[in-house]
Amino acid sequence: MQTKKNINNLNNIKSEFPVFERNNNSSKLCYLDSAASAQKPKCVIEKIKATYEKSYANVHRGIYDLSQVATEKYENSRKKVSEFINAKSEKEIVFTKGATEGLNLVASSLSKNLLKDDEIIISTLEHHSNIVPWQQACKYSGAKIVEAKPDNKGNITAENIAGLVSPRTKIVSLPHITNSIGSVLPIEEILNSIKNKSIITVIDGCQAAPHIKIDVKKINSDFYVFSGHKLYGPSGIGILYGKEDKLNHLDPYQTGGEMIDYVSIEKSTFSEIPHKFEAGTPNIVGAISLGYAIDFVNRIGMKNIKKHSIELTKYALNKLSEVEGIKILGNPEKRIGIISFLIEGCHPHDLAVLLDNRAIAVRAGHHCAQPAMRHFNADTSLRASIGIYNDVEDIDNLVYNLKDVCKYFK
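None of these values were measured; they are calculated from a predicted model.

Draft legend 1. Representation of the pattern of salt bridges in the model. Going through the model one piece at a time under the given rule, you end up with 21 salt bridges. Note that Lys-14 is salt-bridged to Asp-394, the shortest N-O span being 2.7 Å. Of this pair, Lys-14 sits in the loop between α1 (4–7) and β1 (23–24) while Asp-394 sits in helix α14 (residues 392–405), and the two are 380 residues apart along the sequence. Lys-14 gets classed as partly exposed once you look at its relative accessible area, which sits at 22%. Under the relative-accessibility criterion, Asp-394 is labelled buried at 6%. Across the pair Asp-404 and Arg-358 runs a salt bridge whose closest N-O atoms are separated by 2.7 Å. Of this pair, Asp-404 sits in helix α14 while Arg-358 is found in the loop between α12 (348–356) and β15 (360–361), placing the two residues 46 residues apart along the sequence. A residue is classified by how much of its surface remains accessible, and Asp-404, at 22% relative accessible area, is partly exposed. A single salt-bridge network, built from bridges that share partners, covers Lys-319, Glu-322, Asp-396 and Lys-403.

Next comes the structure, spelled out in structure tokens:
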């Protein structure tokens with residue numbers, strides 16, 4: 001069993017997050033919904049304010065000093081992202097408004113090359129954002145979705161995926177860590193098992209980026225997406241990584257200002273990557289601030305963050321097992337950051353409201369993963385998810401109050 005001493009290795013980290021100064025009925029906030037969106041550290045909040053106050057202007061469009069400063073900060077953030085995930089160059093980093101837009105961009109652009117009866121492999125455990133765009137791609141192309149079903153514990157293996165690959169397989173799109181139960185897929189092994197180099201691979205890294213080191217060269221996927229707001233950065237900004245040759249062969253998802261090279265009334269030519277995918281005025285402050293969020297997690301160290309996340313997840317699993325009538329969804333070989341569960345005789349939404357009255361924030365619902373919930377014979381569940389600011393006291397608080405509020409349902 002994990003001990004408090006070896007889990008609380010992020011000393012006084014809560015003090016860096018202003019939200020935890022908030023009290024509700026004299027109770028300190030216990031925030032356990034970081035899988036939905038993480039809280040923001042003071043250093044990021046202050047940088048957002050400073051950027052608007054001192055160095056805001058449109059980027060790439062002005063020769064005056066303020067625009068040049070903003071552009072430099074914007075592109076420097078792109079470089080930080082590139083280094084954070086070990087991309088080959090900044091050209092492979094596209095700023096989006098979130099992972100959802102990144103997945104839609106890839107699905108929409110790739111759909112133009114799909115033919116009737118081509119196959120797209122996705123898993124039961126996807127977030128809806130990695131299901132619906134592919135459904136739309138199939139609707140317009142006549143391609144088909146092939147479902148990779150996990151075992152009853154929530155594991156998806158390389159053998160699962162390799163067994164589904166056929167001559168018609170054109171795309172494989174999978175999560176790195178699932179948002180429903182926190183299962184960690186052996187992505188490198190899975191991608192190595194796909195022998196056909198003509199298959200395009202897409203990885204949803206939203207739940208992975210805040211917890212583990214991402215190395216896109218090692219993973220070797222064609223595309224990888226994640227969102228800034230889950231990585232202690234602002235909302236409205238996300239990242240699409242794409243191998244340079246793959247991005248060069250994609251048509252733009254949106255068109256308009258900035259992404260063009262030449263425009264006449266009759267035709268247009270487009271900018272080089274990554275700019276041909278960034279139409280219009282971008283989320284300038286969001287992109288710059290994501291760079292500061294990356295500075296923040298780098299200062300702590302992804303190795304330390306991963307250790308903390310793994311140990312606290314194990315501690316939470318052990319403590320939650322003490323709750324009478326609890327059913328934890330899934331028992332994957334590797335799990336990090338996320339635990340979804342049911343308690344017999346208690347509706348998840350009722351429990352979430354009662355816990356909220358005690359300043360404990362957990363998610364109740366299907367977590368934008370309805371097929372995953374149905375796989376575990378649930379329509380809805382409670383989900384506790386952790387961030388770097390959580391500690392054993394938060395888990396103890398959750399478990400104590402779960403035991404207490406469940407008495408109302410006896």
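Draft legend 2. Seen up close, the sheet that holds strand β10 (residues 238–242). With mixed pairing, 7 strands are arranged side by side in an open sheet as β4-β10-β9-β8-β7-β5-β6. Looking at strand neighbours, the two that pair on one side only are β4 (93–96) and β6 (144–148), the edges of this open sheet. On average, each strand axis in the sheet is tilted by 20° relative to the strand beside it, whichever way the strands run. Bridge count for strand β5 (residues 119–123) against β6 is 5 bridges, and the pairing is parallel. Note that in β6 the partner of Ser-123 across the bridge is Ala-148. Where helix α3 (residues 65–85) meets the sheet, its contacts fall on β4, β9 (223–227) and β10, and the angle it forms with β4 comes to roughly 115°. Helix α4 (residues 99–111) contacts β4, β7 (169–175), β8 (200–204), β9 and β10 of the sheet and is inclined by roughly 150° relative to β9.

Draft legend 3. View of the environment of Glu-322. The topology assignment puts Glu-322 in the loop between α11 (302–320) and β13 (326–328). Using a relative accessible area of 39% as the deciding quantity, one classes Glu-322 as partly exposed. Each C-alpha atom, one on Glu-322 and one on Phe-20, is 27 Å from the other, the two residues being 302 residues apart in sequence. Beyond its immediate sequence surroundings of up to four residues, Glu-322 is in contact with Val-399 and Lys-403. Only 3.2 Å separates the side chain of Glu-322 from the side chain of Lys-403, close enough to count as a polar contact.

Draft legend 4. Layout of the nonpolar core. With 68 residues, the main nonpolar core has Ile-85, Ile-161, Tyr-224, Ile-388 and Tyr-389 as its most contacted residues. Looking at this core, the element that brings in the most residues is helix α10 (residues 284–300), giving 9 residues. Beyond its immediate stretch of four places on either side in the chain, Tyr-224 contacts His-176, Ile-203, Gly-205, Ala-208, Ile-214, Val-216, Ile-219, Ile-239, Leu-240 and Tyr-241. Counting 28 residues, the second largest nonpolar core, distinct from the first, contains Ala-316, Ala-352, Val-362 and Val-399.

Draft legend 5. The arrangement of the packing of aromatic side chains in detail. Applying the stated criterion to the full structure yields 10 aromatic pairs. Taking 5.6 Å as the distance between ring centres and 35° as the angle between the ring planes, the aromatic pair formed by Tyr-52 and Tyr-56 counts as tilted. Here Tyr-52 falls in the exposed class, since its relative accessible area comes to 52%. Accessibility expressed as a relative area gives 37% for Tyr-56, which makes it partly exposed. With centroids separated by 5.0 Å and ring planes inclined at 55°, the aromatic side chains of Tyr-74 and Phe-95 adopt a geometry described as tilted. A residue pair is termed long-range when its members are at least 10 positions apart, and Tyr-74 in helix α3 and Phe-95 in strand β4 qualify at 21 residues. The ring of Phe-20 carries the charged tip of Lys-14 above its face, separated from the ring centre by 5.4 Å. Residue placement shows Lys-213 over the ring face of Phe-84; its charged tip is 5.6 Å from the ring centre.

Scoring rules and cut-offs
In every chain, residue numbers begin from 1 and rise along the written sequence. Since the coordinates come from a predicted model, pLDDT governs what is reported: local features require at least 70, and pairs of side-chain atoms require 80 or more to be given and counted, while whole-chain, interface and lining totals use all residues. For the side-chain quantities, the full set of heavy atoms in the structure was used; hydrogens and water were omitted. We define a salt bridge as a contact between a side-chain nitrogen of Lys or Arg and a carboxyl oxygen of Asp or Glu at a distance within 4 Å. By the criteria applied, helices consist of DSSP H or I runs no shorter than four residues and strands consist of E runs no shorter than two, each listed in order from the N terminus. Working definition: with a 1.4 Å probe on protein chains only, accessible area under 20% of the residue-type maximum means buried, over 50% means exposed, and in between means partly exposed. Paired strands, as defined in this entry, are two strands with at least two bridges between them according to DSSP. In this analysis an axis means a line fitted to C-alpha atoms, helices contributing only their contacting stretch, and an angle means the value between N-to-C directions, from 0 to 180 degrees. Contact criterion: two residues are considered in contact whenever any of their non-hydrogen atoms come within 4.5 Å of each other. Think of a polar contact as two N or O atoms within 3.5 Å of one another; within protein, one of them needs to be a possible hydrogen donor and the other a possible acceptor, and neighboring residues in sequence only count if both atoms come from side chains. Here, nonpolar core refers to any group of buried Ala, Val, Leu, Ile, Met, Phe, Trp, Tyr and Cys residues whose side-chain atoms link them within 4.5 Å. Note on aromatic pairs: the rings of Phe, Tyr and Trp (six-membered ring only in Trp) are paired at centre separations within 6.5 Å, and the planes decide the class, stacked below 30 degrees, edge-to-face beyond 60, tilted for the rest. Working rule: Lys NZ or Arg CZ, within 6 Å of ring centre, within 35 degrees of ring normal, means a charge sits over the ring.

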